[in-house]
Amino acid sequence: MVMPHFTVHQPDSLEEVLDLLGRHRSSVKVLCGGTDLLMKMKAGAVSPDHLISLNRVKGLRTISYAESDGLVIGGAARLAEVGKNADVKKLYPALAHACSVMATVQIRNMGTVAGNLANAAPSGDTAAPLLAYGASLVAVERGGRRQIKLTDFFTGPGLSVLEPLEVIEAIRVPDPPPRSGSAYMRLSARSKVDIAAVGVAGFINLDLEGKVIRCRLALASVAPTPVRCLEAEQMIEGQKPDETLLAQAGAACVRSCRPIDDVRATASYRRAMVQVLAQRVLAKCYEQAAGGVS
Ligand SMILES: Cc1cc2nc3c(=O)[nH]c(=O)nc-3n(C[C@H](O)[C@H](O)[C@H](O)COP(=O)(O)OP(=O)(O)OC[C@H]3O[C@@H](n4cnc5c(N)ncnc54)[C@H](O)[C@@H]3O)c2cc1C
């Protein structure tokens, strides 16, 4: 399909981005890598008259880490840059893995974490690890800034609480305490090129005896939005998990799903794989975290 005419603006400051959004508010979209948005425009699903690119905005591609602040991923940081970042690889391996295996090299070089979240696909690969890490978004608009917990962000397939004139300035991820482990596992029929049919992410933090203080589990592609598995988390917290408990937690994760049959997988296959992957993810998180128990 031939795309209708539109104008691309390339401001170099966030101030200017917000001005342009306000000026063209009736038919405007923020553009980052364009790997989702331009597909939708080509398909005729959206047809904004104005695209405001974030790609020249100074400082928006920065990825920084400090113990006091945790990880801060700029609103235009590329998936590939996040996946290769040394701090992300060392301290946030579930996110590094998601950013390194999703899509293709070309897409990872163009696409961004902010775009992946703003797109709000149930299958978004960065969402589950970021939910497991307890991440928040910093959203900015003319009226000011607000922090949105990722658990409150997604409201349905392609839907979120982000306002049309808000820009994700950054994604903030808390500093993982000592004796923490995290992992992300995904399945797709065509390996990396295809969107995940199932994704499971986990985070575990242990006390000095090896008991779980904190557990977070999140799923992708098995419900209308990426979801946390609160029941499974509660089963694991306070325990030294064994095979039986891991299997019970896996079953609790399945109860958190609302999968559908689609071209990628059947709902029953998705449920079965959630059980398997959740057990593996939890075991991997525990092993990693226990590596730090003295
Ligand atoms: C061949 C192919 C394979 C893919 N494979 C995968 C995959 O395996 N896993 C997966 O999760 N995704 C996949 N995708 C989807 C896509 O690449 C990702 O979702 C990507 O991270 C989107 O980022 P982007 O910067 O390109 O977003 P864009 O296309 O620029 O924007 C997407 C949406 O987010 C909004 N937006 C972007 N940045 C911001 C911001 N900072 N603030 C506010 N709103 C913003 C835009 O207005 C738009 O509505 C694939 C896409 C293609 C084409």
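Coordinates for the structure precede this section.
This one's a predicted model, so the numbers in the text were calculated from it and none came from an experiment.

Visitor: Explain the site of the ligand to me, using residue names and the numbers behind them.
Guide: Taken together, the neighbourhood of the ligand is formed by 32 residues, with Val30, Thr35, Asp36, Thr112 and Asp125 sitting nearest. A distance of 2.6 Å is found between an oxygen atom of the ligand and a backbone nitrogen or oxygen belonging to Val30. Within the contact set of the ligand, an oxygen atom lies 3.1 Å away from a side-chain nitrogen or oxygen of Arg186. Calculation on the ligand without its partners gives an accessible area of 980 Å², and the protein chains cover 90% of this total. Among the elements of the structure, strand 2 (28-31), helix 7 (113-119) and strand 10 (167-173) are those that each provide at least two residues to the shell around the ligand. If you tally residues by element for the shell around the ligand, the top one is helix 7, at five residues.

Visitor: Can you explain the side chain of Ser180? Please cite residues and give values.
Guide: Looking at the secondary structure, you find Ser180 in strand 11 (residues 180-187). Since its relative accessible area comes to 19%, Ser180 is described here as buried. Among the polar contacts listed, one links the side chain of Ser180 to the backbone oxygen of Pro177, at a separation of 2.5 Å. Of note is the side chain of Ser180, whose polar atom sits 3.5 Å from the side chain of Asn205.

Visitor: An account of the packing of aromatic side chains is requested, with residue identities and associated values reported.
Guide: As enumerated under the stated definition, the model contains four aromatic pairs in all. Plain terms: the ring middles of Tyr92 and Tyr133 are 5.3 Å apart, the flat faces sit at 80 degrees to each other, and that makes the pair edge-to-face. With Tyr92 in the loop between helix 4 (86-91) and helix 5 (93-101) and Tyr133 in the loop between helix 8 (127-132) and strand 6 (136-141), this pair connects stretches of sequence that are 41 residues apart. Each member of the pair Tyr92 and Tyr133 is classed as buried.

Rules behind the numbers
Residues numbered from 1 in each chain as written. Predicted model: local features only at pLDDT ≥ 70, side-chain atom pairs only at ≥ 80, totals over all residues. Heavy atoms only, no water. Near = heavy atom within 4 Å. Polar contact = N/O pair within 3.5 Å; in protein donor to acceptor, adjacent residues only side chain to side chain. Areas by Shrake-Rupley, 256 points an atom, 1.4 Å probe, with all protein chains shown as cover. Helix = DSSP H or I, 4+ residues; strand = E, 2+ residues; numbered from the N terminus. Buried < 20%, exposed > 50% of the residue type's maximum accessible area, 1.4 Å probe, protein only. Phe/Tyr/Trp six-rings, centres within 6.5 Å; stacked < 30°, edge-to-face > 60°.

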